[in-house]
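Summary of structural features
As a plain string of letters, each chain reads:
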Amino acid sequence: MTAQLACMADDLAPEEAMLVELDGADGAPVPVAVVRDADGDWHALSDICSHGQVSLSDGEVEGCLVECWLHGSQFDLRTGKPVQLPATQPVPVYPVTVDGDRVLVDVDERLAVAS
């Protein structure tokens, strides 16, 4: 599968997030948090916190981090790695392409996470 339309560029201001559900390769919906960081750059990661199993798109975005609203875990938007406990496992991060005013996400390709 290829990148899918997640939202329009004017749907989010910097340091905002939204939940979108995209189609996975098996046809099952994939919950994705689409996020603009403080610099206005776009990111897409699994919407489900690896610790509390709640929606990351409901959390606060600060700089290049998103914070889980339930227990305060923070995840780096570029890598999906947790930078604040209690989460210890990363969340998947997906490639984002901005085509004009369309924000596209490919949920079938995960970005490699640096060690």
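Attention here is on the structure that accompanies the text. (Residues numbered from 1 in each chain as written. Predicted model: local features only at pLDDT ≥ 70, side-chain atom pairs only at ≥ 80, totals over all residues. Heavy atoms only, no water.)

Once that is clear, we can look at the sheet that holds strand β8 (residues 82-84). The four strands lie next to each other as β5-β6-β7-β8, forming an open sheet whose pairing is antiparallel. Both outer strands of the open sheet, β5 (60-62) and β8, are each paired with one neighbouring strand and no more. Averaged over all neighbouring strand pairs, the angle between strand axes comes to 30 degrees, with direction disregarded. Sheet topology places strand β6 (residues 65-67) next to strand β7 (residues 74-76); three bridges connect them, and they run antiparallel. (Pairing = 2+ DSSP bridges. Helix = DSSP H or I, 4+ residues; strand = E, 2+ residues; numbered from the N terminus. Axes fitted to C-alpha atoms, helices over the stretch in contact; angles between N-to-C directions.)

Counting 15 residues, the largest nonpolar core has V35, L45, C49, L56, V66, F75 and L77 as its most contacted members. Once residues lying within four places of it in the same chain are set aside, the contact partners of C49 are V54, L56, C68, F75 and V91. If you look at the next biggest cluster of nonpolar residues, it comprises 14 residues, including L12, L22, V32 and V103. (Core = buried A, V, L, I, M, F, W, Y, C linked by side-chain atoms within 4.5 Å. Buried < 20%, exposed > 50% of the residue type's maximum accessible area, 1.4 Å probe, protein only. Contact = heavy atoms within 4.5 Å.)

Here the structure, examined in full by the defined rule, presents one salt bridge. We note a salt bridge from R78 to D76, for which the minimum N-O separation is 2.8 Å. Judged by relative accessible area, R78 falls into the exposed class, the value being 51%. (Salt bridge = Lys/Arg side-chain N within 4 Å of Asp/Glu carboxyl O.)

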